[in-house]
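Summary of the model geometry
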Amino acid sequence: MDRAEALQLLEESRKKIDILDEDIIKIIKERTSLATDILKAKLVLGMEIHDPEREEFIHHKIREIAVEQGIDEDSLTQIIMILTDLSKKEQQKIQGGKAHGKH
Ligand SMILES: O=C(O)C(=O)C[C@]1(C(=O)O)C=C[C@@H](O)C=C1
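Residues numbered from 1 in each chain as written. Predicted model: local features only at pLDDT ≥ 70, side-chain atom pairs only at ≥ 80, totals over all residues. Heavy atoms only, no water.

By the naming in an unreviewed UniProt entry, the protein is Chorismate mutase, taken from Methanobacterium formicicum.

Rendered as structure tokens:
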């Protein structure tokens, strides 16, 4: 591969990454926005926002997928922790808004 081809390959790969990053962000938004329905259900069921058992189940599942797909387990675990954190923060935000609306 000469220098011109290398530059072209880098540019094309970065374009693909930019598109994938946008897709990932859309999916993160879709996952986070489920917080509204999850909180609605939890309030009826008298459940806490933080559900350690469910999180443990997700982490176990993710570790299996990481091994299967040959992705670094710790990195994938960190990503899942960020995603569950986003969901909890969103649920707390909605709950705070609801509580505030009562007064
Ligand atoms: O499944 C739930 O109960 C959720 O609130 C969603 C979720 C998640 O983001 O996956 C977030 C917080 C809980 O601790 C467990 C899981």
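Continuing now.
**Re the UniProt feature "coiled-coil region" (unreviewed entry) in the protein**
In the numbering used here, UniProt assigns the feature "coiled-coil region" (unreviewed entry) to residues 3–30. Between the C-alpha atoms that bound residues 3–30 there is a distance of 41 Å. The span itself is 100% helix and 0% strand. (UniProt positions renumbered as here; feature names shortened; annotations may be inferred. Helix = DSSP H or I, 4+ residues; strand = E, 2+ residues; numbered from the N terminus.)

**Topic: the site of the ligand**
Taken together, 13 residues sit near the ligand, with Arg 31, Lys 42, Asp 51, Glu 55 and Gln 91 positioned nearest. One nitrogen or oxygen atom from the main chain of Asp 51 is found 2.8 Å from an oxygen atom belonging to the ligand. For the ligand, an oxygen atom lies 2.5 Å from a polar atom in the side chain of Glu 55. Relative to its unbound accessible area of 360 Å², the ligand is 91% covered by the protein chains. Here the element with the most residues in the shell around the ligand is helix 4 (residues 73–101); it accounts for four residues. For the shell around the ligand, the residue count by class is three nonpolar, four polar and six charged. (Near = heavy atom within 4 Å. Polar contact = N/O pair within 3.5 Å; in protein donor to acceptor, adjacent residues only side chain to side chain. Areas by Shrake-Rupley, 256 points an atom, 1.4 Å probe, with all protein chains shown as cover. Nonpolar A, V, L, I, M, F, W, Y, C, P; charged D, E, K, R; others polar.)

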